[in-house]
Amino acid sequence: MAQRGDFLLRIEDIDQSRARPEWEEQIYTDLEWLGIWWPEPVLRQSERHPAYRAALQNLWERDLLYPCTCTRRDIEAAASAPQEGVPTHGPDGRIYPGTCAKKAEGYPLSLEKLPENTTLRLNMSQASFLLGEHQTTHILGGSYLLHYLETGPAIPGQHSFEPQELISTVGDIVIARKDMGTSYHLSVVVDDAFQKISHVTRGEDLLEATKIHVLLQHLLGLPTPIYHHHRLIRDEAGKRLAKRDDARAVSKYRAVGATPRDIRRMVGL
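Every chain's residues receive numbers from 1 upward, in the order its sequence appears when written. Side-chain atom pairs in this predicted model are given and counted only at pLDDT of 80 or more, local residue features only at pLDDT of at least 70, and totals for whole chains, interfaces and linings cover all residues. Side-chain figures throughout are based on the complete set of non-hydrogen atoms in the structure, without hydrogens or water.

## Observations concerning the sheet that holds strand β3 (residues 65–68)
Right, on to step 1. Spatially, β3-β6-β10 is the arrangement adopted by the three strands of the open sheet, whose pairing is antiparallel. With one partner strand each, in any of the chains shown, β3 and β10 (174–176) form the two edges of the open sheet. Pairwise comparison of adjacent strand axes, ignoring direction, gives a mean angle of 45° for this sheet.
Right, on to step 2. When DSSP finds at least two bridges between two strands, those strands are taken to pair. Numbering of helices and strands starts at the N terminus; helices are DSSP runs of H or I of at least 4 residues and strands are runs of E of at least 2. Bridge count between strand β6 (residues 119–122) and β10: two bridges; the pairing is antiparallel. To obtain each axis, a line is fitted to C-alpha atoms, and for helices this fit is confined to the stretch in contact; angles are then taken between N-to-C directions over 0 to 180 degrees.

## Focus: the packing of helix α5 (residues 124–131) against helix α8 (residues 207–220)
Right, on to step 1. Between α5 and α8, whose axes approach to 10 Å, the crossing angle comes to 60°. Here α5 lies oblique to α8, going by the angle between them. Classified by chirality, the crossing of α8 by α5 is left-handed. Together, Met 124, Ala 127 and Leu 131 of α5 and Leu 215, His 218 and Leu 219 of α8 make up the contact between the two elements.
Right, on to step 2. Gly counts as polar in this scheme, as do all residues outside two lists: the nonpolar Ala, Val, Leu, Ile, Met, Phe, Trp, Tyr, Cys and Pro, and the charged Asp, Glu, Lys and Arg. Looking at the contact of α5 with α8, its residues break down into five nonpolar, one polar and no charged. Put simply, angles under 35 degrees are roughly parallel, angles over 145 are roughly antiparallel, angles from 65 to 115 are roughly perpendicular, and the rest are oblique. Left-handed describes a crossing in which the near helix is turned anticlockwise from the far one by less than a right angle; the clockwise case is right-handed. The contact rule is simple, with two residues in contact once any of their heavy atoms fall within 4.5 Å.

## Remarks on the nonpolar core
Right, on to step 1. Among the buried residues, those of types Ala, Val, Leu, Ile, Met, Phe, Trp, Tyr and Cys that are joined through side-chain atoms within 4.5 Å form a nonpolar core. The cut-offs for exposure are 20% and 50% of the maximum accessible area for each residue type, with area from a 1.4 Å probe on protein chains only; residues under the lower value are buried, those over the upper are exposed, and the others partly exposed. Counting 29 residues, the largest nonpolar core has Leu 56, Leu 65, Leu 122, Ile 175, Leu 186 and Leu 219 as its most contacted members.
Right, on to step 2. Going through the elements one at a time, α2 (49–61), β6, α5, β10, α7 (184–194) and α8 are the ones with two or more residues in this core.
Right, on to step 3. Ignoring any residue separated from it by four or fewer positions in sequence, one finds Leu 186 in contact with Tyr 52, Ala 55, Leu 56, Ile 175, Leu 216 and Leu 220.
Right, on to step 4. Judged by nonpolar contacts, the second largest core, of 11 residues, contains Trp 38, Tyr 253, Ala 258 and Ile 263.

## With respect to α2
Count 3.6 residues to each turn of an α-helix, and residues three or four apart come out pointing the same way.
Right, on to step 1. In this scheme, a helix's expected span is set at 1.5 Å multiplied by one less than its residue total. When the terminal C-alpha atoms of α2 are compared, their 18 Å separation across 13 residues agrees well with the 18 Å that a helix rising 1.5 Å per residue should span.
Right, on to step 2. Looking at the buried positions of α2, the neighbouring elements they touch are β3, β6, β10, α7 and α8.
Right, on to step 3. Backbone geometry just downstream of α2 places Asp 63 in the positive-phi region, at approximately 60°.

## Examining the packing of aromatic side chains
Right, on to step 1. By convention, a stacked pair of Phe, Tyr or Trp rings (six-membered ring in the case of Trp) has centres within 6.5 Å and planes under 30 degrees apart, an edge-to-face pair has planes over 60 apart, and any other such pair is tilted. Counting across every chain of the model gives one aromatic pair.
Right, on to step 2. Between Tyr 28 and Trp 38 the ring centres are 6.0 Å apart and the planes differ by 25°, which places this aromatic pair in the stacked class. Of the two residues, Tyr 28 sits in helix α1 (residues 21–33) while Trp 38 sits in the loop between α1 and β2 (43–44), which places them 10 residues apart along the sequence.
Right, on to step 3. Two limits define a charge over a ring: the Lys NZ or Arg CZ must be within 6 Å of the ring centre, and within 35 degrees of the ring normal. A cation sits over an aromatic face here: Arg 20 above Trp 23, 5.4 Å from the ring centre.
Right, on to step 4. For Arg 121, the ring lying beneath its charged end belongs to Tyr 96, and the centroid distance is 3.7 Å.

What follows is the structure in structure tokens.
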């Protein structure tokens, strides 16, 4: 707002099993109390499935996706004896051991129709290979910027990660869930581009997930916003604020006399 931009509110309700009218109403109430306003109408992800399907089709036709039939129990069993020093968990929990990827090896999936009502995973090895070693993603102050090595040295102070690193630290993430037809990672990337988002402010708990989003943006030919990751609000026990548990909510801070300035200070804004 200080930069004369617009604050855009998006209702991310692709998981209808977790969508609650009262939670949505609380979002509006809390943001208005904080002095934040947004243009209407609000974009709803539950109304955007054709756009997500088109992005999936793009990735599918380039053999970047494969169907997965593994259950959570299957994944835990297959990953029960991890190699020493190899990460076991990433932004989405247990790193997938690649069981169904092995089944798809050597089979040209692009010749088949994009399946419906099926869990689809991103082949991270193939995705990293397509991006190539000539590009590196840099992180500066919580912001992710793409840097092409042929244009000169990186800006001093930036940290970087290679796309290949995501093979072991993230694994073959779910891009479309069987019961949703999409995923958080895919939908936010598609919608950020659709809404012409220039800056994204999110919690530091999504720092690793942002790497996935930058990767998808480049695979889909979409622009990459500037990301700022703020520190999290935590209760007296150190538990982070979240609607799905008993951590203190913004409304509770307001009830005991906190001001909007107090909330901004808590997150470092």
